[in-house]
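# Chains, contacts and geometry: an overview
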Amino acid sequence: MFKCTINGHEVEVPEGASVIEAFKLLKEDIAHYCWHPGLSIAGVCRLCMVQIDDGPRLHIACNTLVKDGMKITNQTEVVKEAVRWGMDFHLINHPLDCPICDQAGECGLQEQYMKYGQYDSSMAEKKVKKRKVVDLGERVVLDSERCILCSRCVRFTDEVTKTNELGIFNRGDHSEIGTFEDQPLDNKYSLNTVDICPVGALTSKDFRFQQRVWYLKDTDSICTGCSTGCSIKVYHNKEGLFRVKPVFNEKVNGHWMCDEGRDLYKHVNAPVRLKQILKSVGNEWFPLGLERALDHLNEAFSKAENISVLITAQHTVEEYKALKNWAQQLQDKTINFVYWKNNPESFDSFDGLLIRGDKNPNTKGLLEAGFEFADASVLDSSDLVLAPMPENPAVYPKYMEKLEQLSKLQTQLCLLSVSNITQHETINFADGTLAIPMKTAFEKAGHFINHQGLTQKIHKGRVIVKAALGLDELLQAIKIGKWIQPQLLKSRKTNESSKVSGELW
Amino acid sequence: MSESQLLTEHYHKDTYKSLKGYQADGGYEVLKKAFKMEPQAIIDEVKASGLRGRGGAGFPTGVKWGFLPRNDETRYLLCNADEGEPGTFKDRMMMERAPHQLIEGMIISAFAINSPKSYIYIRGEYDQCIETVTAAIKEAYDAGLLGENILGSGFKHDMDVYYGAGAYICGDETGMISSLEGLKGQPKLKPPFPAVQGYLKKPTIVNNVETLAAVIPIIDKGAEAYKAIGTEKSSGTKLFSVSGCVEKAGNFEVPLGYPLMDLIELAGGLRPGRKLKAVIPGGSSAPVLTAEECLTAKMDYEDLSAKGSMLGSGAVMVIDDSQNMVDLLGVIMHFYHHESCGQCTPCREGTGWLSKMVHSILEGKGRIADLDLILKVANQMKGKTICALSDAAALPALSFVTKFRDEFEDYIKRGHQYAAEALHV
Ligand SMILES: Cc1cc2nc3c(=O)[nH]c(=O)nc-3n(C[C@H](O)[C@H](O)[C@H](O)COP(=O)(O)O)c2cc1C
Ligand code: SF4
Ligand code: SF4
Ligand code: SF4
Ligand code: FES
């Protein structure tokens, strides 16, 4: 460890740490754009200026290593003046039309300008004109005039994905970010460039101009897209969920997440959700009131001798525990657990960065819950199959095929589903099949155990479908014969007599 | 004068270009002497000679060589023949008239630093140089002066020519290394410095054409004799490219410390009836000297630096009273704006800003307040960037506006008139 002082405060840093890392460790303010802890050092914004050991020269903190006993400051007039000018150099050719910029509210330029700049730009000359809406690839759009050429996005594609799609073309103040002909920015992690872009130059096609960021709340969670279990923040308001961003987690995902993981909020939003309990009769779906639904459940579960649970690794540790307890109390019945792995052929694959073939957040959690799994063939001879479905059936096609097969056998199903299963066109569900709305991982609290064996917590965020249940809540209701929070379930107005097939909302 | 012609003595002979002609005048004899020395002794000799880099920065050559790590990693020698500094045309003459002199200097230097491979990075527009140097390298290979076991010394060295596409920034040593590596020609962040991690991440020495050639007389006559020429702190001779408002523009080799006014006389003096207004003594990056400062200026590192300017690449641009300082600054600012690689924000934005401000004045749209703004912007571009291009743009702006402020103010006041006149030319 080396000791140094920063603006008079002493701090100990590991050998090999840079001056900017020492500032961060001490939570001392320092302006910077190009430095990013997950990327190599570019040293181009020239904002992180410091003076060392009272010397007259300015050094950049990001490319200077701390030496033992070093005295560092960024509080002298010389440094402050350099940083103020550094800000102005960044701004002279910047559009400064924040009211119509998508980054406003979380813009590095706005933030640092408020801290270090705050004076009128003195440039009277015309700004350099550049391209405004450049389609870089499937998910990302560039506004070159807003770009401050920090090169973070270029370094990301060079160093992290090693796909090298981006480059800085031309020279001087005509430099522009771009892609090579026929090589768009289409890697599986492309949206990280939008996160690390300190300004509104790179925007996500999915999110741009959807919401003002100050109208969004965020909740910490874990991505359910695969067994990596990236730490994320989910952004939402009363209109629903709008985006997902990675949160730094040294042990799991570092600074990044994959693009697919960012799409997982889509199946949570209202238009695609199952919102009330439905029963299938003669290939049509009818809504059930709470009392009738409970009657049905009780009847179904008490009548059935031979019950199977078609379970995936998409539920929480707590839900598996509840499932286990529930089964133990039904000693007089045969209860089989069938562990459904959707894609055994690619299950163990890994792309070397984050993405794993196991598309479940809690495989370890399920395997460690102590179930004895039966062969899938037992499903065919069951009277009743409880199917807590995968959240996003689109990535679980074989699960759907299995349900279809069982329906053909006229097996009665009790589906717990996020998506509006009644919209499924090819399945003719057996009479008496129940479809119960299920909570997504964003609507419940609990734990997942990722592929490393790391137990991670998910937090309850915004509830999108009030009637949705967790697996544990459903089992509890069946067990004690009443709904746990009937007031919540009731709050959806349903017209019991009307037949609902087709669009539900 | 011949004691001062250490490098150019034979340049007038057409034969000097060829291996035979070069050898007839004593060429490659010093190489034989060098091979009998210990490599470290050569480095010590160069250090003792006080030779400073002739490419612009004036860094002591022996000291730079001493920065190489003491291990047996492959190291590279790169000859900087990019010669991009406006006003400079000495390397061109050296390569066209005496390619073998450069090659001999390079083999001696490579032997000293134990480098198996060198490249000569020649400015892309220098077709003639590329041709002569390439031909000379072939001659040298054929004569056993390059390749395996040179002259039976056991030393192996390969040499190649590489050329740029005319970007000034590829003259900066790390810009050149990037270009040579096939990357976009832009300087690299330091540290690490090239002597530790340069071309292909290996220890690398970059020296100017003239620096490498100057190693020959140092090894030939000894550090003492070399040091006896020039001044105490600026030893040896230097080639100056004198251009602008003189009768006979050209290259002149004189001992360092040579009076500037005498150098102008060597170049035929001013044109009849003209008065000296200013001189840029070391390439367009060097702060301009007023006529008065010129009277006492000596062409060496310390005197020019005492006058707030620098020797730079040795490009002396003479400005007489027929010239307008605003016009000249406009040309210089356009150049740096055009050549900034654009990595560092102060340089990328500052060079454009300065150029726009000076051009506003030229178009008759200037404001007196712009002059102070030019000074402020230029001051904030100094000492804050990856390479020295930003400083190189700031220094002329600062010196022109400070030393010739009256002329700038006059131009702004009578701007429309000047601008209209300029249009008629
Ligand atoms: C923008 C820029 C352009 C340069 N152009 C040249 C050049 O054309 N030729 C040259 O020898 N040195 C040039 N230099 C200086 C080199 O970086 C380096 O200092 C020099 O090649 C070292 O050789 P020397 O020590 O023998 O002078 C330039 C420097 C900068 C910052
Ligand atoms: S697009 Fe954004 S991340 Fe990329 S260089 Fe420009 S400002 Fe930096
Ligand atoms: S790598 Fe897996 S856990 Fe991480 S964001 Fe992608 S899908 Fe989600
Ligand atoms: S100072 Fe200018 S030319 Fe040099 S690296 Fe920075 S931007 Fe490029
Ligand atoms: S953060 Fe150090 S130069 Fe940009």
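Residues numbered from 1 in each chain as written. Chains lettered and ligands numbered in written order. Predicted model: local features only at pLDDT ≥ 70, side-chain atom pairs only at ≥ 80, totals over all residues. Heavy atoms only, no water.

Residues and elements named next belong to chain A. Taken in spatial order, the five strands make up an open sheet running β2-β1-β5-β3-β4, and their pairing is mixed. Here the strands that pair on one side only, and so sit at the sheet edges, are β2 (9-13) and β4 (58-60). The average angle at which neighbouring strand axes cross in this sheet is 40°, direction not considered. Pairing geometry for strand β3 (residues 49-52) and β4, over three bridges, is antiparallel. Along β4, the bridge assignment pairs Met 49 with Ile 60. In the packing of helix α2 (residues 77-91) onto the sheet, contacts are made with β3, β4 and β5 (71-73), and the angle to β3 comes to roughly 160°. (Pairing = 2+ DSSP bridges. Helix = DSSP H or I, 4+ residues; strand = E, 2+ residues; numbered from the N terminus. Axes fitted to C-alpha atoms, helices over the stretch in contact; angles between N-to-C directions. Contact = heavy atoms within 4.5 Å.)

Turning our attention to the pairing of strand β2 (residues 117-122) of chain B. On a regular strand, each side chain points to the face opposite its neighbour's, so the side chains alternate between the two faces of the sheet. Residues and elements named next belong to chain B. Taken across its six residues, β2 has six buried, putting it largely inside the fold. Burial along β2 is two-sided: Lys 117, Tyr 119 and Tyr 121 and Ser 118, Ile 120 and Ile 122, pointing in opposite directions, are all buried. Relative to β2, strand β1 (residues 76-81) runs parallel, the two sharing six bridges. By the bridge assignment for β2, Leu 77 is matched with Ser 118. (Buried < 20%, exposed > 50% of the residue type's maximum accessible area, 1.4 Å probe, protein only.)

Glancing now at the pattern of salt bridges. Overall, the coordinates contain 49 salt bridges over all chains when judged by the stated rule. A salt bridge links Arg84(A) to Glu77(A); its shortest N-O distance comes to 3.5 Å. Classification of Arg84(A) by relative accessible area gives partly exposed; the value is 27%. Between Lys156(B) and Asp158(B) there is a salt bridge, and its shortest N-O distance comes to 3.2 Å. Classification of Lys156(B) as partly exposed rests on a relative accessible area of 33%. The class of Asp158(B) is partly exposed, set by a relative accessible area of 22%. (Salt bridge = Lys/Arg side-chain N within 4 Å of Asp/Glu carboxyl O.)

We now examine the sheet that holds strand β13 (residues 240-246) of chain A. Residue and element names in this part refer to chain A. Reading across from one edge, β11-β12-β13 is the order of the three strands in this open sheet, with antiparallel pairing throughout. Where the open sheet ends on each side, the last strands, each with one partner, are β11 (217-222) and β13. Neighbouring strand axes in the sheet, compared pairwise and without regard to direction, differ in orientation by 30° on average.

Residues and elements named next belong to chain B. With respect to burial, strand β8 (residues 276-280) is a largely interior element, five of its five residues being buried. Here four bridges tie β8 to strand β11 (residues 315-320), and the two strands are oriented antiparallel to one another. Paired with Val 279 across the two strands is Val 318, which belongs to β11.

Turning our eyes to something else, we now look at the interface of chain A and chain B. Contacts between the two partners involve 34 residues from chain A, matched on the other side by 33 residues from chain B. Surface buried jointly by chain A and chain B totals about 2,600 Å² across both partners, of which 56% is contributed by carbon and sulfur atoms. Our count for the chain A to chain B interface comes out at one salt bridge. A salt bridge links Glu339(B) to Arg171(A); the nearest nitrogen and oxygen atoms lie 3.1 Å apart. At the boundary of chain A with chain B, the tally comes to 17 residue pairs in polar contact (both at pLDDT 80 or more). The element best represented in the side of chain A that touches chain B is α2(A), accounting for six residues. (Buried area = accessible area lost by both parts, 1.4 Å probe. Polar contact = N/O pair within 3.5 Å; in protein donor to acceptor, adjacent residues only side chain to side chain.)

Our focus in this paragraph is the nonpolar core. Of all hydrophobic cores here, the largest spans 118 residues; its most connected members are Ile72(A), Leu78(B), Trp353(B), Leu354(B), Ile374(B), Val377(B) and Phe408(B). Per-element accounting of this core gives the leading share, eight residues, to helix α17 (residues 389-403) of chain B. Ignoring anything within four residues of it in the chain, the contact list for Ile374(B) reads Leu354(B), Met357(B), Val358(B), Ile361(B), Ala397(B) and Val401(B). With 61 residues, the next largest nonpolar core counts Ala98(B), Ala195(B), Tyr226(B) and Ile229(B) among its residues. (Core = buried A, V, L, I, M, F, W, Y, C linked by side-chain atoms within 4.5 Å.)

Glancing now at the side chain of Asp143(A). Residues and elements named next belong to chain A. With respect to the helices and strands, the residue Asp 143 is situated in the loop between β7 (140-142) and α4 (152-160). Since its relative accessible area comes to 9%, Asp 143 is described here as buried. Within the local environment of Asp 143, its side chain forms a polar contact with the side chain of Arg 146, the two groups lying 3.1 Å apart. Dropping the residues within four chain positions of it, Asp 143 is found in contact with Arg 131, Lys 132, Gly 200 and Ala 201.

Let us look at the confidence of the model for chain B. With 98% of its residues at a pLDDT of 70 or more, chain B shows a mean pLDDT of 96. With a pTM of 0.93, the predicted complex shows an ipTM of 0.92. (pLDDT = per-residue confidence, 0-100.)

The next subject is the domain arrangement of chain A. Quoted interface sizes are often the accessible area lost when the parts come together. When its domains are assigned, chain A resolves into domain 1 (2-91) and domain 2 (270-480). Averaged C-alpha coordinates put domain 1 of chain A and domain 2 of chain A at centres separated by 53 Å. (Domains from an automatic or database assignment.)

What follows covers the side chain of Asn324(B). Residues and elements named next belong to chain B. Along the polypeptide, Asn 324 turns up in the loop between β11 and α14 (325-339). We classify Asn 324 as buried; its relative accessible area is 15%. Within the structure, Asn 324 has its side chain in polar contact with the backbone nitrogen of Val 326 (distance 2.7 Å). Apart from the residues lying within four places of it in its own chain, the contact partners of Asn 324 are Lys 277, Glu 407, Tyr 411 and Tyr 418.

Once that is clear, we can look at the site of ligand 1. Residue and element names in this part refer to chain B. Around ligand 1, the structure places 20 residues, and the nearest of them are Gly 55, Asn 80, Asn 207, Asn 208 and Thr 211. At a separation of 2.8 Å, an oxygen atom of ligand 1 approaches a polar side-chain atom of Asn 208. Contact distances for ligand 1 include 2.7 Å between an oxygen atom and a side-chain N or O atom of Thr 211. Notes on ligand 1: free accessible area 600 Å², of which the protein chains cover 91%. Ranked by the residues each element gives to the shell around ligand 1, the list is headed by strand β4 (residues 204-208), at three residues. A class-by-class count of the residues in the shell around ligand 1 yields six nonpolar, eight polar and six charged. (Near = heavy atom within 4 Å. Areas by Shrake-Rupley, 256 points an atom, 1.4 Å probe, with all protein chains shown as cover. Nonpolar A, V, L, I, M, F, W, Y, C, P; charged D, E, K, R; others polar.)

All right, on to the packing of helix α15 (residues 345-362) of chain B against α17(B) then. Residues and elements named next belong to chain B. As a packed pair, α15 and α17 sit with axes 9 Å apart at the nearest point and diverge in direction by 30°. Viewed along their axes, α15 and α17 adopt a mutual orientation that is roughly parallel. The handedness of the crossing between α15 and α17 is left-handed. Residues Pro 346, Cys 347, Thr 351 and Leu 354 of α15 touch α17, and the partners they reach there are Leu 389, Ser 390, Ala 393 and Ala 397. Its residues assigned to classes, the contact of α15 with α17 comprises six nonpolar, two polar and no charged. (Parallel < 35°, antiparallel > 145°, perpendicular 65-115°, else oblique. Left-handed = near helix turned anticlockwise from the far one by under 90°.)

In this section: the environment of Met87(A). Residue and element names in this part refer to chain A. Looking at the secondary structure, you find Met 87 in helix α2. Between the alpha carbons of Met 87 and Arg 46 there is a distance of 9.6 Å; along the sequence they are 41 residues apart. Discounting chain neighbours no more than four positions away, the residues touching Met 87 are Tyr 33, Leu 47, Leu 109, Gln 112, Tyr 113, Tyr 116 and Gly 117.

The next subject is the packing of helix α5 (residues 90-97) of chain B against helix α6 (residues 99-113) of chain B. All names here are of chain B. The geometry of α5 relative to α6 is characterised by a closest axis approach of 4 Å and an angle of 100° between their N-to-C directions. The pairing of α5 with α6 is recorded here as roughly perpendicular in orientation. Mapping the contact onto sequence places Met 94, Met 95, Glu 96 and Arg 97 in α5 and Pro 99, Gln 101 and Leu 102 in α6. The class makeup of the residues in the contact of α5 with α6 is four nonpolar, one polar and two charged.

On to helix α10 (residues 397-408) of chain A, then. Along an α-helix, residues three or four positions apart point the same way, because every turn accommodates 3.6 residues. All names here are of chain A. In this model α10 runs 17 Å from its N-terminal to its C-terminal C-alpha over 12 residues, within 8% of the 16 Å that 1.5 Å per residue would give. Within α10, the full set of buried residues consists of Tyr 399, Met 400, Lys 402, Leu 403, Leu 406 and Ser 407. When α10 is viewed along its axis, its buried side chains cluster within an angular range of 155° and face the same direction. Just past α10, the residue Gln 410 takes up positive phi, approximately 60°. (Expected span 1.5 Å × (residues − 1). Arc of directions from axis to C-beta.)

Together, Phe59(B), Val63(B) and Phe67(B) make up a nonpolar patch on the protein surface, roughly 260 Å² of accessible area in all. Along the chain, Phe67(B) turns up in the loop between α4 (61-66) and β1. (Patch = residues over 30% accessible without salt bridge, like charges linked within 9 Å, V, L, I, M, F, W, Y side chains within 5 Å.)

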